[in-house]
Amino acid sequence: MPKAIKIYHNPACGTSRNTLALIRNTGQEPLIIEYLKTPPSKEQLIKLIRESGLSIREALRKNVESYENLKLDEHHWTDEQLISFMLKYPILINRPFVVTELGTKLCRPAEVVLDILSAAQLHTFSKEDGEMLINKDGKRIK
């Protein structure tokens, strides 16, 4: 039995919804953590970022008001300070992070999740914008 899949999800985000749908297209139901309602702890956040192979800056969501207001593009901020901002303003955490038995990834674009799913895709799959990712044979197109 595969380890439970976790997705740090924002239902308002199309990439996050597409990622969740790709997970469900394997027949598995992940543990859904709506990180804006239930943010990760400092330790969990650091672990997600580290295991995904990203830097703290790469895990920051840049196209949100709080990023601009806090002037987080300035390079004097330490990793510790950036983590503190992400904990205080969870909207700054880029998403969706997915954790499976095969690893942890920030799934942007959504099809990145296919690299860490151990179960096959069961059906054709197109993203919300119509881009087809999985063909009728359950094979990845892109």
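Computed from a prediction, not measured in an experiment: that's the story for all the values here.

K.L.:
Could you clarify how one ought to interpret the pairing of strand β2 (residues 31–34) in this entry?
P.N.:
Both faces of the sheet carry side chains from a regular strand, because those side chains alternate between them. Sheet topology note: the strand β1 (residues 6–9)/β2 ladder contains four bridges and is parallel. Looking at the pairing, Lys-6 lines up with Leu-31 of β2. Once the chain exits β1 it traverses helix α1 (residues 14–24) before rejoining the sheet at β2, and the crossover so formed is right-handed.

K.L.:
Whenever I open this one, the sheet that holds strand β3 (residues 97–100) confuses me. Can you help?
P.N.:
To summarise the sheet geometry, strands pair through backbone hydrogen bonds and adopt either a parallel or an antiparallel arrangement. Strand order in the open sheet formed by four strands is β2-β1-β3-β4, with mixed pairing between adjacent strands. Each end of this open sheet is capped by a strand with a single partner; those strands are β2 and β4 (103–106). Across the sheet, the axes of successive neighbouring strands diverge by a mean angle of 15 degrees, strand direction being ignored. One ladder, built from four bridges, connects β3 with β4; its direction is antiparallel. Bridge pairing in β4 links Val-99 to Thr-104.

K.L.:
Which parts of the structure should I look at to understand the packing of aromatic side chains?
P.N.:
Two descriptors summarise a pair of aromatic rings, namely the distance from one centre to the other and the angle between the planes of the rings. On inspection of all chains with the given rule, the structure shows one aromatic pair. Note on Trp-77 and Phe-85: the rings are 5.0 Å apart at their centroids and 90 degrees apart in plane angle, and the pair reads as edge-to-face. You can call Phe-85 buried: its relative accessible area is 16%.

Cut-offs used in this document
Residues numbered from 1 in each chain as written. Predicted model: local features only at pLDDT ≥ 70, side-chain atom pairs only at ≥ 80, totals over all residues. Heavy atoms only, no water. Pairing = 2+ DSSP bridges. Helix = DSSP H or I, 4+ residues; strand = E, 2+ residues; numbered from the N terminus. Right-handed = clockwise from strand over helix to strand, strands pointing away. Axes fitted to C-alpha atoms, helices over the stretch in contact; angles between N-to-C directions. Phe/Tyr/Trp six-rings, centres within 6.5 Å; stacked < 30°, edge-to-face > 60°. Buried < 20%, exposed > 50% of the residue type's maximum accessible area, 1.4 Å probe, protein only.

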